[in-house]
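What follows is the residue order along each chain.
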Amino acid sequence: MHDVVTLQAAGPHEVRPLAVGAGALLDILRHQHEASRSELAARTGLARSTVAQRLELLEAMGLVVKSGPRASTGGRPASTVRFAAEAGVVCACDLGATHCRLAITDLHRNVLAEVAGDLPIAAGPQRVLDRVAQHIGDLVRRLGRGLEDVRGIGIGLPGPVEFASGRPVNPPIMPGWDGIDVPGMLARFGAPVLVDNDVNIMALGEHSQNWPDCQDFLFVKVGTGIGCGIITSGHMHRGAQGAAGDIGHVRVTGADVVCHCGNVGCLEAVASGGALVRHLAKEDALIRNSRDVVHAVRNRDPRAIAAVRASGRAIGDAMASAVNFFNPSVMVIGGDVAHAGDELLAGLRETVYSRSLTLATRSLEIVTSRLDDQAGVIGAATMVCDTLFEPARIDALAARRAAA
């Protein structure tokens, strides 16, 4: 099994990382894909001999491979190295209130195989995670790989998660999940298991793929529930207990609908996909879920259009406060209801731009998700890869290998 599977930070009695900086070189190759030794030396300010030593360690660890010479421009063609994205696979799973999407990616987060379908989170952790494990095994075998090739598993859950332990905490729509050891239930794969809130992984996916240079970024999911993922200074902001961005339970002025959390007038109870279904189904029995709401909007149903625009205005009211407080440069809207497109955006933009400070919205972009349904699995894979290949961890592993 490759060293990366058992990657751990060095403890106080372990071999401490040497000052070789192998992790920094790997980080460059992960984002640049390939480079010559001269380019790496110029970028880092290191001697070529030092760069060569570090690359030898990374190559021995199976993380870097030679990619051959480039086309000559007159002199001796430069040989290059690249990150070994094929050295393993990552399992990425996005669990929503009623659905499951699972993908197998390479170590560059490119999707190699994928499966999606209905799976109610209320079915409980045993049934849901057994199904996830079954999908992982099926997809890995479909790719001709073995379970020993799985380097990590990333999971998004539709509720608050204590990120350090991977345990859900009092999740309102996940009966039976409170405090469940999700990583422990998937320990059979012998790979690290990372768990986060589903909106956080969607934010990671959208940000890493489409807005990597945006330092202050919000992702708003409008589905069965409503939540917000926050990227600040280029990094995920989870808060002290992992509850940051839980806008679904912000109070909507004048609303008297009882929320499943027990409070009255929560945004989620007024403007989510579930709320839209309850409102529209009173006069249209064909509307049973968020997808039906979107279908009605696309068919120009005036009641559905009016309801979705009202939902957008209510969400925009909550997000106007977030814009004033956080001052993001990009706000991306995702989730099932986001498929309603301009009808949702029109209401949301109307309120955000009218109720936020002019300075805060001067360069603010409010757009729908480009990754759409894949945002969650791409984000889960990003979460795993960024953790596995964090430079300090790679340095610690390289130091142990060099000492051996």
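Structure's up top.
Residues numbered from 1 in each chain as written. Predicted model: local features only at pLDDT ≥ 70, side-chain atom pairs only at ≥ 80, totals over all residues. Heavy atoms only, no water.

Student: How would you explain the overall build of the protein if you had to name every residue and give the values?
Tutor: When helices and strands are counted, the protein shows 14 helices and 15 strands. Over its C-alpha trace the protein gives a radius of gyration of 23 Å, about what one expects of a compact globule, namely 22 Å for 404 residues. In terms of its C-alpha atoms, the protein occupies a principal-axis envelope of roughly 70 × 50 × 40 Å. Counting only residues that meet the buried cut, the protein has 51% of its 404 residues in that class. Pairs at least 24 residues apart make up 63% of the contacts formed inside the protein by residues separated by at least 6 positions. Working note: accessible area of the protein is about 17900 Å², and carbon and sulfur atoms make up 50% of it. (Helix = DSSP H or I, 4+ residues; strand = E, 2+ residues; numbered from the N terminus. Rg over C-alpha atoms; globule rule 2.2 N^0.38 Å. Buried < 20%, exposed > 50% of the residue type's maximum accessible area, 1.4 Å probe, protein only. Contact = heavy atoms within 4.5 Å. Areas by Shrake-Rupley, 256 points an atom, 1.4 Å probe, with all protein chains shown as cover.)

Student: Describe the nonpolar core, naming the residues involved and giving the relevant values.
Tutor: Grouped together as the largest cluster of nonpolar side chains are 52 residues, with contacts concentrated most on Leu40, Leu58, Phe217 and Phe389. At nine residues, helix H13 (residues 375-388) tops the list of elements feeding residues into this core. Residue contacts for phenylalanine 217: discarding those within four places in its chain leaves Ala203, Glu206, His207, Trp211, Gly229, Ile230, Ile231, Phe326, Pro328, Val330 and Val332. In this structure, Ala296, Ala304, Ala307 and Leu344 belong to the second largest nonpolar core, which totals 41 residues. (Core = buried A, V, L, I, M, F, W, Y, C linked by side-chain atoms within 4.5 Å.)

Student: Pulling in residues and values, what's your account of the side chain of asparagine 197?
Tutor: Relative to the helices and strands, asparagine 197 is located in strand S10 (residues 193-197). A polar contact of 2.9 Å, which involves the side chain of asparagine 197, links it to the backbone nitrogen of valine 199. In contact with asparagine 197, not counting residues within four places along its chain, are Gly156, Leu157, Gly159, Pro160 and Val161. (Polar contact = N/O pair within 3.5 Å; in protein donor to acceptor, adjacent residues only side chain to side chain.)

Student: Break down the sheet that holds strand S4 (residues 89-95) for me, with residues and values.
Tutor: Sheet strands pair via backbone hydrogen bonds, and the direction of the pair is either parallel or antiparallel. Strand order in the open sheet formed by five strands is S6-S5-S4-S7-S10, with mixed pairing between adjacent strands. If you trace the sheet from one side to the other, it starts and ends with strand S6 (111-118) and S10, each paired once. Taken over all neighbouring pairs, the strand axes of this sheet differ in orientation by 15° on average, direction set aside. As paired strands, strand S5 (residues 99-105) and S6 are joined by seven bridges and run antiparallel to one another. Its bridge partner lying in S6, isoleucine 104 is registered against alanine 113. Across the face of the sheet, H13 comes into contact with S4, S5, S6, strand S7 (150-157) and S10 while running at roughly 135° to S4. (Pairing = 2+ DSSP bridges. Axes fitted to C-alpha atoms, helices over the stretch in contact; angles between N-to-C directions.)

Student: How would you sum up the packing of helix H2 (residues 37-44) against helix H3 (residues 48-60)? Please name residues and give values.
Tutor: Direction vectors running N to C along H2 and H3 enclose 110°, while the axes themselves pass 9 Å from each other. By the criterion of interaxial angle, the relationship of H2 to H3 is roughly perpendicular. Handedness of the crossing formed by H2 with H3: right-handed. Taking contact as the criterion, the partners of Arg37, Ser38, Leu40, Ala41 and Thr44 in H2 are, on H3, Arg48, Val51, Ala52 and Leu55. Here the contact of H2 with H3 is composed, by residue class, of five nonpolar, two polar and two charged. (Parallel < 35°, antiparallel > 145°, perpendicular 65-115°, else oblique. Left-handed = near helix turned anticlockwise from the far one by under 90°. Nonpolar A, V, L, I, M, F, W, Y, C, P; charged D, E, K, R; others polar.)

Student: Tell me about the sheet that holds strand S12 (residues 226-232), residues and numbers included.
Tutor: Strands sit in the order S13-S12-S11-S14-S15 across an open sheet of five strands; the sheet is mixed. The two strands at the open ends of the sheet, each matched to only one other strand, are strand S13 (235-236) and strand S15 (365-368). Direction of pairing for S12 relative to S13: antiparallel, over a ladder of two bridges. In the strand pairing of S13, isoleucine 231 is matched with methionine 236. Where helix H6 (residues 198-210) meets the sheet, it contacts strand S11 (217-222), S12, S13 and strand S14 (330-334), and its direction lies at approximately 130° from that of S11. Each of S11, S12 and S14 is contacted by helix H10 (residues 302-326), which is oriented at about 165° to S11, the strand it contacts most.

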